[in-house]
Amino acid sequence: DVHVQKSKKQILQEMIIKDISKILFRLQAPHHLSDGSVLSLVRSCNVSSRDVDFSIDIDWLEKKEDLFLEELRKDGFYIVREFGKEQYNFGREFSIRNEKYKHEQAYADIFGVKFFRKGTIACEPLWLDEIKACCARMEKRKIFQWNSHMISLPVPFDLYLSTMYG
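Residues numbered from 1 in each chain as written. Predicted model: local features only at pLDDT ≥ 70, side-chain atom pairs only at ≥ 80, totals over all residues. Heavy atoms only, no water.

1. Looking at the nonpolar core
Then, in step 1: If you look at the biggest cluster of nonpolar residues, it comprises 41 residues, and the most contacted ones within it are Ile-20, Leu-33, Phe-68, Leu-72 and Ile-110.
Then, in step 2: Every element with two or more residues in this core is listed here: helix 1 (8–26), helix 2 (35–44), strand 2 (52–57), helix 3 (58–74), strand 4 (92–98), strand 5 (108–116), strand 9 (149–155) and helix 4 (157–165).
Then, in step 3: Excluding anything up to four places from it in sequence, Leu-72 contacts Ile-20, Ile-23, Phe-77, Ile-96 and Ile-110. (Core = buried A, V, L, I, M, F, W, Y, C linked by side-chain atoms within 4.5 Å. Buried < 20%, exposed > 50% of the residue type's maximum accessible area, 1.4 Å probe, protein only. Helix = DSSP H or I, 4+ residues; strand = E, 2+ residues; numbered from the N terminus. Contact = heavy atoms within 4.5 Å.)

2. Digging into the environment of Leu-12
Then, in step 1: Mapped onto the elements, Leu-12 comes out in helix 1.
Then, in step 2: Spatially, the C-alpha atom of Leu-12 lies 9.9 Å from that of Lys-100, the residues being 88 residues apart in sequence.
Then, in step 3: If near-sequence neighbours (up to four positions away) are discounted, Leu-12 is found in contact with Tyr-101, Glu-104 and Ala-106.

3. Overview of the side chain of His-31
Then, in step 1: As for its placement among the helices and strands, His-31 is situated in strand 1 (residues 31–33).
Then, in step 2: Exposure remark for His-31: the relative accessible area of 2% places this residue in the buried category.
Then, in step 3: Polar side-chain contacts of His-31 include one of 2.7 Å to the backbone oxygen of Ala-29.
Then, in step 4: Look past the residues within four positions of His-31 in its chain and what remains in contact with it is Leu-24, Phe-25, Phe-54, Ser-55, Ile-56, Arg-141 and Ser-152. (Polar contact = N/O pair within 3.5 Å; in protein donor to acceptor, adjacent residues only side chain to side chain.)

4. Regarding the packing of helix 1 against helix 3
Then, in step 1: One way to put it is that helix 1 packs onto helix 3 with a least axis distance of 10 Å and a crossing angle of 140°. When the axis of helix 1 is compared with that of helix 3, the two are oblique. Both helix 1 and helix 3 take part in a crossing whose hand is right-handed. Contact residues: helix 1 offers Ile-20, Ile-23, Leu-24 and Arg-26, while helix 3 offers Phe-68, Glu-71 and Leu-72.
Then, in step 2: Broken down by class, the residue content of the contact of helix 1 with helix 3 amounts to 5 nonpolar, no polar and 2 charged. (Axes fitted to C-alpha atoms, helices over the stretch in contact; angles between N-to-C directions. Parallel < 35°, antiparallel > 145°, perpendicular 65-115°, else oblique. Left-handed = near helix turned anticlockwise from the far one by under 90°. Nonpolar A, V, L, I, M, F, W, Y, C, P; charged D, E, K, R; others polar.)

5. Overview of helix 2
Then, in step 1: Counting buried positions along helix 2 gives 7 out of 10 residues, so the element sits mostly inside the fold.
Then, in step 2: Those residues of helix 2 that sit buried are Asp-35, Gly-36, Ser-37, Val-38, Leu-39, Ser-40 and Leu-41.
Then, in step 3: Taken from the residues just after helix 2, Cys-45 is the one with a positive phi, measuring 60°.

6. Side note on the pattern of salt bridges
Then, in step 1: Within the structure shown, the criterion is met by 5 salt bridges.
Then, in step 2: Glu-71 serves as the salt-bridge partner of Arg-26, at 2.9 Å between the closest nitrogen and oxygen. Placement of Arg-26 in helix 1 and of Glu-71 in helix 3 is noted, with a sequence separation of 45 residues between them.
Then, in step 3: Relative accessible area serves as the criterion here: at 10%, Glu-71 is assigned to the buried category. (Salt bridge = Lys/Arg side-chain N within 4 Å of Asp/Glu carboxyl O.)

As structure tokens, this is what we get:
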């Protein structure tokens, strides 16, 4: 029996994934775990990046932002920073933390993502001196059970990660 000791940060990140995923599924938001979080899961079977990344359909977010933020607040989350409020046509990003573990360096980035070609290309903003499109290809989102809770991931992993990271 092999037992791998998880770091405090990994435990906190798993809690963030569980809490945010629960809210997103409850609200029926088109979403998936994204970016470095997917890379970490595929490479090391765990979340080991500095934050947790989620992508949410920007059209859904534009219509349901107030409800989404209220549900996050009810669960103890608060916004640390945000980008793109005036630029809904392309991008939106929130960095959020939770009151339960605000003294820890654990947070989530939530990206409002534009989906193209029937959801097979997801483009999120990259905030530099100007907004750049950072696009990834995927065939669909798939629900997986991970550490006794449900998460949504872009599949196939190889296609998604190769367009994100080469």
